[in-house]
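Single-letter residue listing:
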Amino acid sequence: MRGGPADRGPGIAADDRERAFEPFQRLGDRDNTTGLGLGLALARGLTEAMNGTLTPEDTPGGGLTMVLSLPVAEDGLEPGPGGRLSTS
């Protein structure tokens, strides 16, 4: 499964994209009254815990798209209570 949010903002320079996933990283954000710079670090950590990837890509026409890719459940596994995978 692959998808993700896109925006039309200024984006992130290619050289800074991996750094954006470091904890407490805000990449020069001047509004330091909101946020801690943990959102992308947490999102990537949770995604990788599910054997997926979270990757920044350019949005056509400007901006940035965060592409979330997650593996499809293996045959014989179905979502159970709370969304957990279990054998039938």
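Now for a description of the structure that goes with this document. (Residues numbered from 1 in each chain as written. Predicted model: local features only at pLDDT ≥ 70, side-chain atom pairs only at ≥ 80, totals over all residues. Heavy atoms only, no water.)

## What to know about the sheet that holds strand 3 (residues 64-69)
Sheet architecture is open: three strands sit in the order 1-3-2, paired in antiparallel fashion. Edge strands, defined here as strands with exactly one partner in the open sheet, are strand 1 (2-3) and strand 2 (53-58). Across two bridges, the pairing between strand 1 and strand 3 is antiparallel. Directly across from Gly3, in strand 3, lies its bridge partner Leu68. Together, strand 2 and strand 3 form the strand contacts of helix 1 (residues 39-49), whose direction differs from that of strand 2 by roughly 130 degrees. (Pairing = 2+ DSSP bridges. Helix = DSSP H or I, 4+ residues; strand = E, 2+ residues; numbered from the N terminus. Contact = heavy atoms within 4.5 Å. Axes fitted to C-alpha atoms, helices over the stretch in contact; angles between N-to-C directions.)

## Some points on the packing of aromatic side chains
Evaluated as defined, the whole model comprises zero aromatic pairs. Sitting above the plane of the Phe21 ring, Arg44 keeps its charged end 3.6 Å from the centroid. (Phe/Tyr/Trp six-rings, centres within 6.5 Å; stacked < 30°, edge-to-face > 60°. Lys NZ or Arg CZ within 6 Å of the ring centre and 35° of its normal.)

## Description of the side chain of Arg44
Among the secondary structure elements, Arg44 is positioned in helix 1. Since its relative accessible area comes to 15%, Arg44 is described here as buried. Setting aside chain neighbours within four positions, we find Arg44 in contact with Glu18, Phe21, Leu54, Thr55 and Pro56. (Buried < 20%, exposed > 50% of the residue type's maximum accessible area, 1.4 Å probe, protein only.)

On their own, these measurements won't tell you what the molecule is for.
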